Amino acid sequence: MNKVKIAGTGSYVPDNIVTNDDLSRLVDTNDEWIKSRTGIITRRISQGEDTSQIATKAALKAMEKAKVLPGDIDFIIVATATPDNFIPSTACMIQNNIEAINATCFDVSAACSGFIYAMDIATQFIKTGRANKVLIIGAETLSKILDWKDRSTCILFGDGAAAAVLKSGDEDGIISTYTGSDGRLGDALTCRAVSVNNPYVDKEAEKFNPVVKMDGKEIFRFAVKIMQKTINKLLHDSGCSIDEIDCIIPHQANFRIIEAAAKRLNISTDKFYIDLDKYGNTSAASIGIAFDEAYRKGIFKHGDTVILVGFGGGLTYGGSLIKI
Ligand code: COA
């Protein structure tokens with residue numbers, strides 16, 4: 001089996017900063033409530049850029065870091081719940097933008113766990129020799145599927161994109177990966193697509209109104225439990241103890257979820273890299289944005305052991321234990 005390393009990362013968020021006070025002018029909320037219940041202070045909201053556009057910007061940065069040419073990319077895997085179109089895939093649009101003419105391109109739908117799922121798929125392709133260089137991207141313009149009148153959801157999310165180039169190398173970077181799904185809990189976080197509508201359907205079609213609906217408490221409970229389970233599984237599979245982990249990059253949904261998971265794991269929240277105060281929950285992009293930001297800040301050094309861990313709609317979950 002080939003060894004897989006992360007050769008470079010990149011991220012991009014729209015310029016437009018929306019504060020909690022800004023949101024209090026749209027819905028009945030306030031800075032104090034949002035900050036104390038979630039930890040979020042600002043988020044970036046697109047003023048027109050769509051998912052493929054912000055994803056392209058993140059991808060170009062990751063490719064530059066990895067010193068990889070577009071023509072050398074074998075696969076482009078995009079995790080998103082907010083594609084530009086049903087057809088073509090966001091991955092194919094990015095392929096066209098960056099001229100990665102030799103790549104096979106497809107999207108992955110795993111909501112906020114998407115970056116981990118994409119990383120896992122890329123890892124398998126490289127390990128088996130099917131690919132040498134894979135560009136993975138988590139990108140969302142969640143703002144286009146939010147109900148901006150629903151204070152229980154519109155305050156949580158932000159737009160953004162993150163990318164990483166994975167390639168075969170002489171050192172193993174991805175030590176263990178664990179993923180799972182629980183479709184029984186699918187109703188806890190939904191966004192309806194188009195209903196079946198054709199000349200053979202009797203009843204009138206539902207109006208197309210794709211907005212996020214969420215049972216916040218159900219997700220909260222699931223998230224805390226599954227973060228603990230995923231981290232413990234990664235530690236077990238890689239033979240590491242929690243003390244050997246230098247940093248945990250969690251999905252950036254809510255500071256209180258991270259705090260509760262840390263308590264269950266008997267570790268300090270200081271072990272977690274957190275940037276949700278600035279970007280909110282950027283869904284499939286969140287882990288990648290935090291990972292890239294931590295890299296750029298010089299938080300990691302060669303040989304560090306890092307855990308990425310996430311959860312999301314589906315419900316889905318997953319994590320990776322990585323050697324930098
Ligand atoms: N501003 C002010 N008040 C708000 C509010 C807002 N934005 N949103 C809800 N409230 C109110 C509620 O109406 C409720 O009022 P009531 O007591 O009069 O009925 C009160 O605040 C408490 O609401 P509740 O839903 O119990 O709050 P909570 O502590 O569970 O926090 C979430 C709500 C959404 C922040 C929390 O459940 C959460 O983060 N869940 C996980 C969501 C998530 O991560 N989703 C993405 C997964 S990838």
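Within an unreviewed UniProt entry, the label attached to the protein reads Beta-ketoacyl-[acyl-carrier-protein] synthase III, and the organism entered is Clostridium tyrobutyricum DIVETGP. In the Sequence similarities (unreviewed entry) part of its UniProt record, the protein is described as follows: "Belongs to the thiolase-like superfamily. FabH family." UniProt, in the comment section headed Subcellular location (unreviewed entry), describes the protein in these words: "Cytoplasm".

Undergrad: I'm lost on the overall build of the protein in this one. Help?
TA: Secondary structure summary: the protein contains nine helices and 13 strands in total. Long-range pairs, those at least 24 residues apart, make up 76% of the contacts in the protein between residues at least 6 apart in sequence. Counting only carbon and sulfur atoms, one obtains 49% of the accessible surface of the protein, whose full area is about 14700 Å². Across the protein, the mean location of the 37 positive side-chain charges is 3 Å away from that of the 40 negative side-chain charges.

Undergrad: Just to check I follow, could you spell out the site of the ligand for this structure?
TA: The local shell around the ligand holds 22 residues, among which Thr29, Arg37, Arg151, Lys217 and Asn254 are the closest. Separating an oxygen atom of the ligand from a side-chain N or O atom of Arg37 is a distance of 2.8 Å. Notes on the ligand: free accessible area 960 Å², of which the protein chains cover 73%. Elements with a minimum of two residues in the shell around the ligand: helix H2 (31-38), helix H6 (216-238), helix H7 (255-265) and strand E12 (305-312). The leading source of residues in the shell around the ligand is H6, at four residues. The residue inventory of the shell around the ligand, partitioned by class, reads nine nonpolar, eight polar and five charged. Two domains share the shell around the ligand, each providing at least three of its residues, namely domain 1 (4-170) and domain 2 (175-323).

Undergrad: Looking at this structure, how should I read the pattern of salt bridges?
TA: Where side chains of opposite charge bring their charged atoms close, a pairing between them can arise. Going through the model one piece at a time under the given rule, you end up with 10 salt bridges. The closest approach of N and O atoms between Lys35 and Asp31, which form a salt bridge, is 3.0 Å. Residue Lys35 and its partner Asp31 are located together in helix H2, separated by four residues, close to a single helical turn. A salt bridge links Asp237 to Lys233; its shortest N-O distance comes to 3.1 Å. Placement of both Asp237 and Lys233 in helix H6 is noted, with a separation of four residues, approximately one turn of the helix.

Undergrad: I keep staring at the UniProt feature "active site" (unreviewed entry) in the protein and nothing clicks. Help me out?
TA: Residues annotated by UniProt as "active site" (unreviewed entry) correspond here to Cys112, His251 and Asn281. Their sequence span is 170 residues, while the largest C-alpha to C-alpha distance among them is just 8.6 Å; these annotated residues converge on one region. Examined against the element boundaries, Cys112 turns out to sit in the loop between strand E5 (104-108) and helix H5 (114-127). Cys112 has contacts with His251, Asn281, Ser283, Ala284, Phe311, Gly312 and Gly313, leaving out every residue within four places of it along the chain. The topology assignment puts His251 in the loop between strand E11 (247-250) and H7. With a relative accessible area of 1%, His251 lands in the buried category. The contact partners of His251, leaving out residues within four places of it in the chain, are Cys112, Ile258, Asn281, Ser283, Ser286, Ile287, Val309, Gly310 and Phe311. There is a polar contact of 3.3 Å between the side chain of His251 and the side chain of Asn281.

Undergrad: How should I be thinking about the UniProt feature "domain: Beta-ketoacyl-[acyl-carrier-protein] synthase III N-terminal" (unreviewed entry) in the protein in this particular structure?
TA: When the UniProt feature table is mapped onto this chain numbering, "domain: Beta-ketoacyl-[acyl-carrier-protein] synthase III N-terminal" (unreviewed entry) sits at residues 106-183. Taken end to end, residues 106-183 comprises 18% helix and 37% strand; its first and last C-alpha atoms sit 22 Å apart.

Undergrad: Help me understand helix H3 (residues 51-66), please; the structure alone is not making it clear to me.
TA: Every α-helix winds through 3.6 residues per turn, so residues three or four apart in the chain are directed the same way. Under the 1.5 Å per step criterion, the end-to-end length of H3 is 22 Å for 16 residues, consistent within 8% with the ideal 22 Å. Burial in H3 covers these residues: Thr51, Ser52, Ile54, Ala55, Thr56, Ala58, Ala59, Ala62, Met63 and Ala66. In this fold, the buried residues of H3 make contact with strand E1 (3-12), helix H4 (90-98), strand E6 (133-140) and strand E7 (160-169).

The rules behind these values
Residues numbered from 1 in each chain as written. Predicted model: local features only at pLDDT ≥ 70, side-chain atom pairs only at ≥ 80, totals over all residues. Heavy atoms only, no water. UniProt positions renumbered as here; feature names shortened; annotations may be inferred. Helix = DSSP H or I, 4+ residues; strand = E, 2+ residues; numbered from the N terminus. Contact = heavy atoms within 4.5 Å. Areas by Shrake-Rupley, 256 points an atom, 1.4 Å probe, with all protein chains shown as cover. Lys, Arg positive; Asp, Glu negative; His and termini not counted. Charge placed at Lys NZ, Arg CZ, Asp CG, Glu CD. Near = heavy atom within 4 Å. Polar contact = N/O pair within 3.5 Å; in protein donor to acceptor, adjacent residues only side chain to side chain. Nonpolar A, V, L, I, M, F, W, Y, C, P; charged D, E, K, R; others polar. Domains from an automatic or database assignment. Salt bridge = Lys/Arg side-chain N within 4 Å of Asp/Glu carboxyl O. Buried < 20%, exposed > 50% of the residue type's maximum accessible area, 1.4 Å probe, protein only. Expected span 1.5 Å × (residues − 1).

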